[in-house]
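Observations on the three-dimensional arrangement
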Amino acid sequence: MEKNELKRKMRGTPAMGSVIAVVALIAFYFAGFFTHGLLDPGSAEQLRALRDQVTQLQERLDRIAVRLEGGSPKKESTGPQPSGTDRLEVSADDDPVIGRADAPVTMIEFSDFQCPFCKRFFEQALPKIEEEYIKPGKVKLVYRDFPLSFHEQAQLAAEAAECADEQGKFREMHDRIFQGQAEWSGNAEARRIFASYAEAIGLDMEEFGRCLDSGRYEEEVQRDFNDGVKYGVTGTPTFFINGRKLVGAQPFTAFQQLIETELRSSGEE
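My aim in this report is to walk through the structure given alongside it, one point at a time. (Residues numbered from 1 in each chain as written. Predicted model: local features only at pLDDT ≥ 70, side-chain atom pairs only at ≥ 80, totals over all residues. Heavy atoms only, no water.)

Re the sheet that holds strand S5 (residues 244-247)
Pairing in this open sheet of five strands is mixed, and the strands run S1-S3-S2-S4-S5 from one edge to the other. Unpaired on one side and paired on the other, strand S1 (97-98) and S5 mark the two borders of the sheet. Here four bridges tie strand S4 (residues 238-241) to S5, and the two strands are oriented antiparallel to one another. Bridged to Thr-238 within S5 is Val-247. (Pairing = 2+ DSSP bridges. Helix = DSSP H or I, 4+ residues; strand = E, 2+ residues; numbered from the N terminus.)

The structure is reproduced here in structure tokens:
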């Protein structure tokens, strides 16, 4: 290929140039830490700062990956999007529920354990939703899987959570997986890490191992994904609050507004 043709093709793929730039940034970042001896194992503050920086870089890479997907429905939501006014009939299937079964407001989440924006919801909005609405019995949260094609460990993470649900400990595994996202995301040893989470929450390890290795929930996770596509899910996380769609890592106030509206409609304020 002639040089001019090569240059033209490279100019036509700005996302690839961004990938190279971010990868280089990561390399220099770590090199700087090691060169200057800043990675002191005894410094929790430095390690937390490093982890935060790595998470931010991961989010940038994931955004680039979405652009490289070229319009595929399997993508992350990179930020809040306005909710629609239409109300859809969205099935909860037989998926794990957090909260009281008879809560007047049903919040269905289509999520990906490896998605940093889903983790942001888990860390920032979910605790407030749980405190104000789930614990008082006003809202129940149904978790449905939507593993993205460019997140290699997302499918396995979803299956691990399903296997934990089989033993009545979905919530404990759900929390561990999101809390440890930086540890297992992109890690070829993800299965071993999920097993360590299972042991930490007290699962029967033989049964958990059989469940995960058999692929027992592979079709269940795929069914969730297919349902999400049917309901118009095009990014993660996506929520349906009594059928009203809300997309992205929204602030708590966005959820609060919709939930309060639904509570007023049901007379459950």
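Regarding the environment of Pro-251
Residue placement: Pro-251 occurs in the loop between S5 and helix H11 (252-266). The exposure class of Pro-251 is partly exposed, given its relative accessible area of 45%. (Buried < 20%, exposed > 50% of the residue type's maximum accessible area, 1.4 Å probe, protein only.)

Topic: the pairing of strand S2 (residues 105-111)
Of all the seven residues making up S2, seven are buried; the element is thus mostly covered by neighbouring parts of the structure. Two strands pair when backbone bridges link them, and S2 and strand S3 (residues 139-145) are joined in this way by seven bridges, in the parallel orientation. For Thr-106, the partnering residue across the bridge sits in S3 and is Lys-140. After leaving S2, the chain enters helix H4 (residues 116-134) and then returns to the sheet as S3, a path that is right-handed. Relative to S4, S2 runs antiparallel, the two sharing four bridges. Paired with Met-107 across the strands is Ile-241, a residue of S4. (Right-handed = clockwise from strand over helix to strand, strands pointing away.)

Structural notes on unusual backbone geometry
The omega torsion of the bond from Thr-236 to Pro-237 falls at -5 degrees, within 30 degrees of zero and hence cis. With respect to the helices, strands and loops of the structure, Pro-237 is situated in the loop between helix H10 (218-230) and S4. In this model, Asp-93 sits at a positive phi of 50 degrees, which is unusual for a non-glycine residue. With respect to the helices, strands and loops of the structure, Asp-93 is situated in the loop between helix H3 (44-69) and S1. Within the chain, Asn-242 stands out as a residue other than glycine whose phi angle is a positive 50 degrees. Note on placement: Asn-242 falls in the loop between S4 and S5. Classification of Asn-242 by relative accessible area gives partly exposed; the value is 23%.

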